[in-house]
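Breakdown of the fold
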Amino acid sequence: MRQNISHLPKKRFKCGLAALAVLALLSLAACAPAQSTPAGATTAPQENTVDVTLVDGTVQMPASLPAGPTTLNVTNNGTTEHSLEVEGQGIEAAIEPHLQPGASGTLEVDLQPGTYEFYCPVPGHREDGMTLDVTVTETGG
Ligand SMILES: [Cu+2]
């Protein structure tokens with residue numbers, strides 16, 4: 001008899017645990033979305049946007065940029081197709097496909113302090129002067 005009595009509470013205990021586990025899972029599921037969507041994004045690193053203009057024979061943009069995640073807004077103002085390739089500090093990124101005259105595109109790069117070469121990857125254009133040495137400097141914190 002005593003064994004029977006002690007049996008019942010154990011079962012109930014197990015049920016209670018299961019219910020608690022379900023509750024915990026539910027509350028976790030409910031909490032997760034709220035934590036992963038910070039509205040203000042106040043702690044995000046500073047993002048920079050730089051306009052780059054490609055004309056026949058020249059890459060027009062600032063020759064020095066601050067470090068950080070950077071979006072390059074590239075416009076082809078030339079008369080033939082051009083593009084932009086960024087090379088330096090382990091980065092090698094280019095806009096593909098090439099930009100037709102009047103077209104624009106974006107290239108996102110995470111710039112670290114150092115020197116980079118921004119040039120047009122269309123064969124022959126780099127040699128014709130469509131290249132620019134860009135210095136990236138640490139942003140003052
Ligand atoms: Cu070009």
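Anything mentioned here points back to the structure above.
Residues numbered from 1 in each chain as written. Predicted model: local features only at pLDDT ≥ 70, side-chain atom pairs only at ≥ 80, totals over all residues.

1. With respect to the overall build of the chain
Definition in use: Helix numbers and strand numbers start at the N terminus; a helix is a DSSP run of H or I with at least 4 residues, a strand a run of E with at least 2. Here exposure depends only on C-beta density: within 10 Å of a residue's C-beta, 20 or more other C-beta atoms make it buried, 12 or fewer make it exposed, and intermediate numbers make it partly exposed, the C-beta atoms being placed from the backbone. What counts as a contact here is a pair of residues whose C-beta atoms, placed from the backbone, lie within 7 Å.
Helix and strand content of the chain: one helix and nine strands. Listing the helices and strands of the chain from first to last along the sequence gives α-β-β-β-β-β-β-β-β-β. Split into buried and exposed, the 141 residues of the chain put 17% on the buried side. Put simply, 55% of the contacts in the chain that link residues at least 6 apart link residues at least 24 apart.

2. What about the sheet that holds strand β4 (residues 68–76)?
Applicable threshold: In this scheme, strands are said to pair when DSSP sees at least two bridges between them. Note on definitions: angles span 0 to 180 degrees between N-to-C directions of axes, and those axes are lines fitted to C-alpha atoms, for helices only across the stretch in contact.
The strand order across the open sheet built from four strands is β2-β1-β4-β7, with neighbouring strands paired in mixed fashion. Strands with a single pairing partner mark the edges of an open sheet, and in this sheet they are β2 (58–60) and β7 (104–111). On average, each strand axis in the sheet is tilted by 25 degrees relative to the strand beside it, whichever way the strands run. Note that strand β1 (residues 48–55) and β2 share three bridges and pair antiparallel. Directly across from V55, in β2, lies its bridge partner T58.

3. Examining the sheet that holds strand β5 (residues 85–88)
Spatial ordering of the open sheet is given by β3-β9-β8-β5-β6, a layout of five strands whose pairing is mixed. Each of the sheet's edge strands pairs with one partner strand only, and the pair in question is β3 (64–66) and β6 (91–94). For this sheet, the mean angle separating the axes of adjacent strands, direction not counted, is 25 degrees. Pairing of strand β8 (residues 114–119) with strand β9 (residues 131–137) involves six bridges; the strand directions are antiparallel. Paired with Y119 across the strands is T131, a residue of β9.

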